[in-house]
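# Analysis of the macromolecular model
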Amino acid sequence: MNANPSDGVLGTGRHLQLRRRQNWEFVERKGVADVVVLVAVTAEHEAVLVEQYREPVQAKVIEWPAGLVGDEEAVDGETMLEAAARELEEETGFRAGRFEILTTGPSSGGLTSEIVTFLRPSDLERAAQGGGVEGENIRVHLVPLLQVDAWLSRRAEEGFLIDPKVYTGLYFLSKR
């Protein structure tokens, strides 16, 4: 493949780069390519969902707990499973006894280079309050799986945005 002279970095922020490759413009996280999404369910069959305000969409969003692999210097070189455990506890206060990989794929193949891995943490134990790290204001919701569709519909009616990855996680739960 011949290098295109217009390929390269078009702009750089603190955490992101706008890049061009083969006349395709996309966003890339600096130093991070992997994201973990945690499809967590308690022993009481409650989905562990989080709510947080997301500035890019200027709305509160309902999501599975999730985060970047190796996004901080303090966790440089961390594995996907280490990041999954760290993010689960930071955001929700739960620790998991084990993790199962459900699927891996691009978060938005036409927009970003990041790859998302959905994991199912199990054997959850409450270890802390959760709520995220400094600068995050995460609210944890424990929603009975039998009521999750109605609960999500109510949140949408109230103006929350529902991250489509929530439905992906629920799909995998329905197959088990």
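Residues numbered from 1 in each chain as written. Predicted model: local features only at pLDDT ≥ 70, side-chain atom pairs only at ≥ 80, totals over all residues. Heavy atoms only, no water.

## A look at unusual backbone geometry
- Even without a glycine there, the phi angle at H45 is positive, about 65 degrees.
- Relative to the helices and strands, H45 is located in the loop between β4 (34-38) and β5 (46-54).
- In this structure H45 comes out as exposed when scored by relative accessible area, which is 56%.
- The residue Q58 is not glycine, and still its phi comes out positive at about 50 degrees.
- Residue placement: Q58 occurs in the loop between β5 and β6 (59-63). (Helix = DSSP H or I, 4+ residues; strand = E, 2+ residues; numbered from the N terminus. Buried < 20%, exposed > 50% of the residue type's maximum accessible area, 1.4 Å probe, protein only.)

## Comments concerning the pattern of salt bridges
- Going through the model one piece at a time under the given rule, you end up with 13 salt bridges.
- R19 is paired through a salt bridge with E28; the nearest N and O atoms lie 3.5 Å apart.
- For R86, the salt bridge identified is with E78, shortest N-O distance 2.6 Å.
- Owing to a relative accessible area of 16%, R86 belongs among the buried residues under this scheme.
- We classify E78 as buried; its relative accessible area is 13%. (Salt bridge = Lys/Arg side-chain N within 4 Å of Asp/Glu carboxyl O.)

## Quick notes on the packing of helix α2 (residues 148-157) against helix α3 (residues 164-174)
- Contact geometry for α2 and α3: axes closest at 12 Å, N-to-C directions at 175 degrees. For the element pair α2 / α3, the angle class is roughly antiparallel. Between α2, through V148, D149 and L152, and α3, the contact on the second element is made entirely by V166, Y167 and L170.
- Grouping the amino acids of the contact of α2 with α3 by side-chain chemistry returns five nonpolar, no polar and one charged. (Axes fitted to C-alpha atoms, helices over the stretch in contact; angles between N-to-C directions. Parallel < 35°, antiparallel > 145°, perpendicular 65-115°, else oblique. Contact = heavy atoms within 4.5 Å. Nonpolar A, V, L, I, M, F, W, Y, C, P; charged D, E, K, R; others polar.)

Coordinates in, geometry out; function isn't part of it.
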